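Architecture at a glance
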Amino acid sequence: MKATGIVRRIDDLGRVVIPKELRRTLRIREGDPLEIYTTSEGEVIFKKYSPIGELGDFAASYVETLSKTSGFGACITDRDNVIAVSGVPRKDFLEKPVSPELEAFMNEKSEFNMNTDNKRITIVDGTVDYNAGVIVPIISDGDTIGSVVFVMKNGEKPREVESKLAETAAGFLGKHMEG
């Protein structure tokens, strides 16, 4: 655990303000759910809650099926990180923060297809050999909770089937999370 040197007091309603700098650095937005943990040493730990992150093994199986069906790499993200990946090197994607460009598509709840949008979108920063071919946000109860992304190597282009597969996967995962 890393000390920040920041001290905050609890108000009369039991609230603590998380400093703006930490919220920005940790990508915590207004309304984001936080999990609260305690340790045997009396520490209180706040962790960003990822509803889609709970899918773990299910998301990994789903993305593997998407990749095998299409022949392209695929990944599932929550709002901040890649949580499942198949068909491309896991070390380049798994648990890496999503790029600002991908985050913007999720925030706007808009779909992306490199064939019609004519631009390159990185999935995670630092991966120069791969771009998003298709991005479809996963929406649950009206909120974006992640995305389904088909990963294209340089020179590859998605077909219509990848758009349909991503839309189907995102719709299914969104409904699944509504419970």
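Residues numbered from 1 in each chain as written. Predicted model: local features only at pLDDT ≥ 70, side-chain atom pairs only at ≥ 80, totals over all residues. Heavy atoms only, no water.

This part takes up the overall build of the chain. Broken down by element type, the chain carries 6 helices and 7 strands. Put simply, the chain runs from its N terminus to its C terminus through helices and strands in the order α-β-β-α-β-β-α-α-β-α-β-β-α. Projecting the C-alpha coordinates of the chain onto the three principal axes gives extents of approximately 55 × 35 × 30 Å. Counting the 179 residues in the chain, one finds 37% classified as buried. Considering only intrachain contacts with a sequence separation of at least 6, the fraction spanning at least 24 residues in the chain is 51%. Accessible surface computed for the chain: about 10,700 Å², of which carbon and sulfur atoms make up 52%. Once the 24 positive and 29 negative side-chain charges of the chain are each reduced to a mean point, those two points are 4 Å apart. (Helix = DSSP H or I, 4+ residues; strand = E, 2+ residues; numbered from the N terminus. Buried < 20%, exposed > 50% of the residue type's maximum accessible area, 1.4 Å probe, protein only. Contact = heavy atoms within 4.5 Å. Areas by Shrake-Rupley, 256 points an atom, 1.4 Å probe, with all protein chains shown as cover. Lys, Arg positive; Asp, Glu negative; His and termini not counted. Charge placed at Lys NZ, Arg CZ, Asp CG, Glu CD.)

Time to look at the pattern of salt bridges. Per the stated rule, a full pass over the model turns up 8 salt bridges. Put simply, Glu64 and Lys68 hold a salt bridge, and the shortest N to O gap is 3.1 Å. With Glu64 and Lys68 both in helix H2 (residues 56-70) and 4 residues apart, the pair spans about one turn of that helix. Judged by its relative accessible area of 37%, Glu64 is partly exposed. The class for Lys68 is exposed, based on a relative accessible area of 65%. (Salt bridge = Lys/Arg side-chain N within 4 Å of Asp/Glu carboxyl O.)

This part takes up H2. The terminal C-alpha atoms of H2 lie 21 Å apart, and with 15 residues this matches the ideal 21 Å at 1.5 Å per residue to within 8%. Looking only at H2, the buried set comprises Ala59, Tyr62, Val63, Leu66, Ser67 and Ser70. Burial along H2 is one-sided: seen end-on, the buried residues are contained in an arc of 135°. Of the residues in H2, the exposed ones pointing more than 90 degrees away from the buried face are Asp57, Lys68 and Thr69. The elements touched by buried residues of H2 are strand E3 (73-78), strand E4 (82-86), strand E7 (143-153) and helix H6 (160-178). (Expected span 1.5 Å × (residues − 1). Arc of directions from axis to C-beta.)

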